[in-house]
Amino acid sequence: MSDRLYIFDTTLRDGEQVPGCQLNTVEKIEVAKNLEALGVDVIEAGFPISSPGDFNSVVEISKAVTWPTICALTRSVQKDIDVAAEALKYAKNKRIHTGIGTSDSHILYKFKSNREEIIERAVAATKYAKKLVEDVEFYCEDAGRTDNEYLARVVEAVIKAGATVVNIPDTTGYCLPQEYGAKIKYLMEHVDGIQNARLSTHCHNDLGMATANTISGVLNGARQVEVTMNGIGERAGNTSLEEVAMILRCHKGLGIDTNINTQHIHHMSSMVSSLMNMPIQPNKAIVGRNAFAHSSGIHQDGVLKNKETYEIIDPKDVGIDCNAIILTARSGRAALKHRLQTLGVDVSDQEKLDKIYQDFLNLADKKKEINDDDVLMLAGKDRNVGHHITLEYLQVTSGVGVKPVAAIRLDITGEKFEAAASGNGPVDAAINAIKKIISRKMTLQEILIQNMTKGSSDMGKVHMQVEYEGVSYQGFSANTDIVAASAEAYIDAINKFVH
Ligand code: KIV
Ligand code: ZN
């Protein structure tokens with residue numbers, strides 16, 4: 001029987017702290033939903049007291065995500081904890097992650113305090129958070145440089161105060177793997193009540209040892225790991241989720257399992273890289289574009305004779321299907337079904353499969369080759385079912401030296417309505433035309449337009465956040481025509497509040 005390792009993803013908190021990587025709420029929701037599909041157990045969604053944007057993201061992610069635990073970061077300060085609990089109010093499973101620095105340099109210089117007082121503050125924060133939520137994680141910041149005897153006292157005190165998880169961050173990425181492993185072992189052996197909580201690793205990569213340290217922590221008893229997609233994070237980053245997941249998969253003999261659906265890794269990695277404008281180094285383990293490319297003649301020869309000669313990971317296991325049958329307008333239902341299964345989409349519902357196949361044929365008429373992103377998008381496209389407002393017709397004129405104008409026809413529960421409007425650009429014109437028909441006081445708060453790969457014939461995805469009567473509603477669509485996708489996304493959001 002394998003031991004279960006819990007995956008705590010902090011791409012949206014520690015990862016997002018990187019300058020230039022900031023995401024808006026719509027983008028964060030998109031990342032969170034994909035993390036859910038990837039199978040992470042805990043999503044650290046933000047640090048609510050730090051800004052209204054972070055607060056709002058935690059609220060919206062809590063609403064959008066179903067089963068993973070949503071976690072919010074705080075300092076050991078009552079106001080922080082109150083605000084975090086408020087931001088988490090819609091989460092089905094919620095956790096407050098509170099903590100304080102425990103190394104001598106944090107205690108003396110950051111807090112101008114002493115060891116006893118720090119333990120008192122740690123206990124008070126844990127007890128306070130415990131009154132607001134059941135699941136409380138405590139972090140001992142700079143635990144990597146905290147002496148083990150004192151660290152054990154802090155860990156014991158917060159577990160006694162109700163902490164369910166205790167995080168042992170190597171905040172500065174200083175520890176050697178055997179040193180970090182020994183720290184976890186020491187805590188496992190010397191903390192009274194350790195069986196009442198789970199120890200968590202949180203390793204930074206300043207010396208390139210984050211993954212090694214994390215694995216060493218796990219081998220010595222930690223049963224939660226804090227990681228980010230592509231290892232993004234402050235300075236040299238955090239431990240990579242994909243590396244830990246694949247190490248445990250490759251080394252089954254360790255007897256430690258995660259809930260990660262590894263076939264989603266490649267998709268998730270490209271999505272985070274493109275949304276955060278953070279290119280992946282080509283030789284990055286697991287997700288770099290050269291990770292599975294054998295260029296030397298000797299290697300190519302070996303791989304052709306037997307893949308295992310030079311490959312320890314089957315690229316399919318991380319969602320790269322090198323030999324995949326290319327899907328085109330001539331592909332049959334069976335090929336599409338096979339690809340959906342490979343991507344981890346449930347295809348047992350025949351009616352749903354028929355609908356996806358019909359959408360697939362329509363898309364394949366417009367686009368030469370259908371890639372995995374397209375297929376995943378089609379699988380989620382039945383979100384339009386049940387809409388009582390649909391876009392029937394859209395014509396837009398725009399260009400250089402012309403004022404953009406849009407003409408639209410909407411079907412509202414069987415009745416047809418037409419309108420035309422101008423705007424600053426084609427999307428603005430289309431939205432103004434929609435507003436002429438649906439005359440509510442609604443505000444477009446955020447819009448995110450992405451194209452799925454690179455070609456000009458590719459699909460564009462549009463996410464929108466529309467505010468109506470103080471509540472934010474999310475809309476989504478994908479189309480080879482980006483203006484049509486924008487109008488559809490706007491209508492998708494409207495359908496959620498106009499009944
Ligand atoms: O690196 C660190 O110590 C942290 C804590 C705030 C958990 O990110
Ligand atoms: Zn950190």
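This write-up is about the structure you can find in this document. (Residues numbered from 1 in each chain as written. Chains lettered and ligands numbered in written order. Predicted model: local features only at pLDDT ≥ 70, side-chain atom pairs only at ≥ 80, totals over all residues. Heavy atoms only, no water.)

Secondary-structure assignment places P48 in the loop between β3 (42-46) and α2 (52-64). The spacing of P48 and V498 is 450 residues in sequence and 30 Å in space, taken between C-alpha atoms. (Helix = DSSP H or I, 4+ residues; strand = E, 2+ residues; numbered from the N terminus.)

Taken together, R13, D14, H97, Y139, E141, N167, P169, T171, H202 and H204 make up the full set of residues near ligand 1. The side chain of H202 places a nitrogen or oxygen atom 3.1 Å from an oxygen atom of ligand 1. Considered on its own, ligand 1 offers 260 Å² of accessible surface; in the complex 92% of this is hidden by protein. Taken together, the elements giving at least two residues each to the shell around ligand 1 come down to β6 (135-141) and β7 (165-170). (Near = heavy atom within 4 Å. Polar contact = N/O pair within 3.5 Å; in protein donor to acceptor, adjacent residues only side chain to side chain. Areas by Shrake-Rupley, 256 points an atom, 1.4 Å probe, with all protein chains shown as cover.)

Quick look at the environment of G332 now. Along the chain, G332 turns up in the loop between α11 (297-305) and α12 (333-342). Taking the C-alpha atoms as reference, G332 lies 39 Å from T69; in sequence the two are 263 residues apart.

Here we come to the coordination of the zinc ion (ligand 2). Here the zinc ion (ligand 2) is held by the protein donor atoms D14 (OD), H202 (NE2) and H204 (NE2), which lie 2.0 to 2.2 Å from it. Mapped onto the sequence, the residues coordinating the zinc ion (ligand 2) show the spacing D-x187-H-x1-H. Of this pair, D14 sits in the loop between β2 (6-9) and α1 (25-38) while H202 sits in strand β8 (residues 198-203), and the two are 188 residues apart along the sequence. On the basis of relative accessible area, D14 is assigned to the buried category, the value being 3%. H202 gets classed as buried once you look at its relative accessible area, which sits at 5%. (Donors = N, O, S within 2.8 Å, 3.2 Å for Na, K, Ca; no water. Buried < 20%, exposed > 50% of the residue type's maximum accessible area, 1.4 Å probe, protein only.)

It is worth spelling out the sheet that holds β6 at this point. Taken together, eight strands build a closed barrel; the order of strands is β2-β3-β4-β5-β6-β7-β8-β9 and the barrel is parallel. This sheet shows a mean twist of 25° between the axes of neighbouring strands, independent of strand direction. Relative to β7, β6 is paired through three bridges, and the arrangement is parallel. Residue pairing across strands places Y139 opposite N167, the latter belonging to β7. (Pairing = 2+ DSSP bridges. Axes fitted to C-alpha atoms, helices over the stretch in contact; angles between N-to-C directions.)

Let's shift gears to the pairing of β3. The buried fraction of β3 is high, at five of five residues. Bridging between β2 and β3 involves two bridges; their strand directions are parallel. Each bridged residue has a counterpart across the sheet, and for F8 the counterpart in β3 is V42. Following the backbone out of β2, through α1 and into the adjacent parallel β3, one traces a crossover that is right-handed. Bridge count for β3 against strand β4 (residues 69-73) is four bridges, and the pairing is parallel. Its bridge partner lying in β4, I43 is registered against I70. Crossover connection from β3 via α2 to parallel β4: handedness right-handed. (Right-handed = clockwise from strand over helix to strand, strands pointing away.)

Attention now goes to the packing of aromatic side chains. Here the structure, examined in full by the defined rule, presents four aromatic pairs. Seen from their ring centres, Y357 and F360 are 5.8 Å apart, and the 25° between their planes marks the pair as stacked. You can see Y357 and its partner F360 sitting in helix α13 (residues 350-366), three residues apart, about one turn around the helix. With relative accessibility at 11%, the residue Y357 sits in the buried group. (Phe/Tyr/Trp six-rings, centres within 6.5 Å; stacked < 30°, edge-to-face > 60°.)

We now examine the sheet that holds strand β12 (residues 405-412). With antiparallel pairing, the three strands of this open sheet are ordered in space as β11-β12-β13. Of all strands in the sheet, those bounded by a partner on one side alone are β11 (389-397) and β13 (415-422). Each strand axis lies, on average, 15° off the axis of its neighbour in the sheet, ignoring direction. Examined bridge by bridge, β12 and β13 share eight bridges and lie antiparallel to one another. In the strand pairing of β13, A406 is matched with A421.

Within soluble globular proteins, side chains that are nonpolar generally end up buried alongside one another. Counting 58 residues, the largest nonpolar core has V31 and L38 as its most contacted members. With six residues, the single largest contributor to this core is α1. Setting aside anything within four residues of it in sequence, one finds L38 in contact with M229, L241, N259, I260, N261, H264, I265 and M268. Ranked by size, the runner-up nonpolar core spans 32 residues in total, among them F138, A163, C175 and A222. (Core = buried A, V, L, I, M, F, W, Y, C linked by side-chain atoms within 4.5 Å. Contact = heavy atoms within 4.5 Å.)

Let us now look at helix α8 (residues 210-219). Of all the 10 residues making up α8, eight are buried; the element is thus mostly covered by neighbouring parts of the structure. All of the buried residues in α8 are A210, T211, N213, T214, I215, S216, G217 and V218. On its buried face, α8 is in contact with β7, α7 (177-190), β8, β9 (224-227), α9 (241-250) and β10 (256-257). Just beyond α8, the residue with positive phi is G221, at close to 125°.

If you check the backbone angles, I286 has positive phi at about 70° while not being a glycine. In this fold, I286 is placed in the loop between α10 (265-275) and α11. The backbone of T413 shows a phi angle near 35°, a positive value even though the residue is not glycine. Of the residues examined, T413 reaches a relative accessible area of 63% and is grouped as exposed.

Glancing now at the pattern of salt bridges. In total, this model carries 29 salt bridges according to the counting rule given. One salt bridge connects E134 with K130, and the closest N-O pair in it is separated by 3.2 Å. Given a relative accessible area of 57%, E134 falls into the exposed group. Judged by its relative accessible area of 24%, K130 is partly exposed. Connected via shared salt-bridge partners are E392, R409, D411, K416 and E418. (Salt bridge = Lys/Arg side-chain N within 4 Å of Asp/Glu carboxyl O.)

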